[in-house]
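Structural overview
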Amino acid sequence: MTPDRLLELYDEFSDAPGAVERLRRFVLDLAMRGMLAEPQSGGKSAQELIAEIEREKKVKCPYPVERGDKPGSLLFSLPANWAWVPALFPCRVISAEGKNVPVKNLLATGPYPVVDQGKTFIRGYWDDPSLVVKVQKSFILFGDHTRETKYIDFDFIVGADGLKIFEPIAVYDKFLYLAMFWLPIESRGYGRHFKILKASWIPLPPLSDQVQIVAKVDELMGLCDELEAAEYARSDTRRLYTKSVLHNSSRFVDFGGNSIGAGSMLIDEINQLSIEKGQFDMLRQFIISAGVSGALSVGLKCDQSAEVLLEETRVKKLQLKQTTADSRIKSARSPSNADYPGDIPAHWAVESFENLFLFIDYRGKTPEKTKSGIPLITAKNVKKGYLSLKPREFIHPSTYPKWMTRGLPQYGDLFFTTEAPLGNVCVNTLVEPFALAQRVICLRPYHEIDSQFFTFVIMSSHMQTYINSESSGMTATGIKSSKLKPLALPVPPLEEQKFISTRILSLLKTCDELEEAVNHRSSTRVALMVTSLAASLK
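Everything in this summary refers to the structure shown in the same document. (Residues numbered from 1 in each chain as written. Predicted model: local features only at pLDDT ≥ 70, side-chain atom pairs only at ≥ 80, totals over all residues. Heavy atoms only, no water.)

Description of helix H9 (residues 306-324)
The end-to-end C-alpha distance of H9, which contains 19 residues, comes to 27 Å, matching closely the 27 Å that a straight helix rising 1.5 Å per residue would cover. Looking only at H9, the buried set comprises Ala306, Leu309, Leu310, Thr313 and Lys317. Relative to the axis of H9, the buried residues are bounded by an arc of 95 degrees and lie together on one face. Among the exposed residues of H9, those pointing more than 90 degrees away from its buried face are Gln322 and Thr323. (Helix = DSSP H or I, 4+ residues; strand = E, 2+ residues; numbered from the N terminus. Expected span 1.5 Å × (residues − 1). Buried < 20%, exposed > 50% of the residue type's maximum accessible area, 1.4 Å probe, protein only. Arc of directions from axis to C-beta.)

The structure is reproduced here in structure tokens:
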């Protein structure tokens, strides 16, 4: 593989989604298959290198390395003088127990860089020399939770926990880094991945081939960097144009209820925009934001005002408190329009989560799960705007009445995720019995509202920013009920709520249809890319 050939491949599928990232992966695959190294005469073979590693490890690493089972179905043929070895065989594990610093305490500058398992290479700095991990030549770092792989050739301090440290033995350290970086370790979310790494296998070439491969990969990755920089520059231009189209075109908010006209205008605009996923996401968010700011209901006349609706809601809340003596129902201050982060029409009002909804909160506990029984709705089921029935989890029928003692969710209630992920929201569309798990709050309206409208409000970009500003936590951010309850929400008249949610749903459906058509067209470019890469491997 030469730089010229890489450019030829890129030219063939540069319009395909993630073209540069696919090229990087392609380069690594070529490297691990021995297709970037010219055969060398002399020097140590892979078998001789393995013997040397074993001799050194008897001194440096007296305990046995867990090699795991060879995943034969995942292996491919290697050059004759190469070998498959367990990923951790050419290194020893370095312990930094007790030598880490919480990332929340880090300094902006300081004498010692702090490296953790996050994507940012250096997380911050610290000033305690007793915590420094000394690096004689180089270490390879692996994030147990994140799978991030880093090459380190300087003294550093470990940030937080979850970081695994390896010292290469008798191999070219940069090749071992590439091999670990190449490993296709499947994500377990925020679960641990070190066991997967220990059970993985990597190709081990002779030392001379390792040096060759690293030099070639550096050259090709440098070219990928240039292609990526050029692509970013083009994308920035397209994104600026897209924003200009969306924010300056009054036609998006003047459809007059004509869904056919709305679809036609969207097509006209889309044909002028860069066709990529980010543009459709931006378009969807624009539509939602336009709706919840009143731009899609200009001129609509409603019989009931927002203030009358809120007064009726206050009465319903007080009546429920009096009839149930529910300690969760408390009097709370109503926010002012200035408390809400977005712009709303003058005839709208604002009210807090707490004054609009009863919080039915099952956080802090996890019921025992069974293979069948009553469905369990968890944070995994609450998506951005819809309720998914996958994954399917259950509790035993006998557990259901003991568990659901804080209140039974009703059709039309809102489900809100408080963490992992924070801020997902959807309308409950289930009528059959089900249980609610932790990290999900059920929001029960005190009075009649359009639940879909408030789902869109919470999904809007300014509301998500508003919620995140009240969140806490370093690894997995979340929000406490006490922080969520006083946040302000816009409240139009009920008739207008229903009108807006119907308009948004219609426009989002049009976006889905357009994106499906675009993806169908771009799939030919992706197919061409895959064919080209496969042909180059032969």
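Resuming the write-up.
A few points about the packing of helix H12 (residues 451-459) against helix H13 (residues 461-469)
Interhelical geometry of H12 versus H13 gives an angle of 65 degrees and a closest axis separation of 5 Å. By the angle between their directions, the pair H12 and H13 is classed as roughly perpendicular. Residue-level contacts link Val457, Ile458 and Met459 of H12 to Ser461, Met463, Gln464 and Ile467 of H13. Across the contact of H12 with H13, the residue classes break down as 5 nonpolar, 2 polar and no charged. (Axes fitted to C-alpha atoms, helices over the stretch in contact; angles between N-to-C directions. Parallel < 35°, antiparallel > 145°, perpendicular 65-115°, else oblique. Contact = heavy atoms within 4.5 Å. Nonpolar A, V, L, I, M, F, W, Y, C, P; charged D, E, K, R; others polar.)

What about the pattern of salt bridges?
Evaluation of the coordinates by the stated rule reveals 17 salt bridges. Residue Arg25 is joined to Asp29 by a salt bridge in which the shortest nitrogen-to-oxygen separation is 3.8 Å. Of this pair, Arg25 and Asp29 both sit in helix H2 (residues 19-32), 4 residues apart, roughly one helical turn. Residue classification places Arg25 among the partly exposed positions, given a relative accessible area of 30%. Accessibility expressed as a relative area gives 23% for Asp29, which makes it partly exposed. A single network of salt bridges, built from pairs that share partners, joins Asp281, Arg284 and Asp512. (Salt bridge = Lys/Arg side-chain N within 4 Å of Asp/Glu carboxyl O.)

Quick look at the environment of Leu507
Along the chain, the position of Leu507 falls in helix H15 (residues 494-537). For Leu507, a relative accessible area of 3% corresponds to the buried category. Residues Leu507 and Ile287 lie 220 residues apart in sequence; the distance between their C-alpha atoms is 7.4 Å.

Considering the sheet that holds strand S2 (residues 91-94)
Pairing is antiparallel in the open sheet, where 4 strands are placed in the order S2-S9-S6-S7. Since the sheet does not close on itself, it has two edges, and those belong to S2 and strand S7 (149-152), each with one partner. Each neighbouring strand pair of the sheet contributes to a mean axis angle of 30 degrees, computed without reference to strand direction. Inspection of the sheet shows strand S6 (residues 139-143) paired to S7 by 4 bridges, in the antiparallel sense. Across the sheet, residue Phe139 finds its bridge partner in S7, namely Ile152. Strand contacts of helix H4 (residues 173-182): S2, S6, S7 and strand S9 (163-168), with the helix running at about 170 degrees to S7, the strand carrying the most contacts. (Pairing = 2+ DSSP bridges.)

Scope: geometric values only; no functional claims are made or implied.
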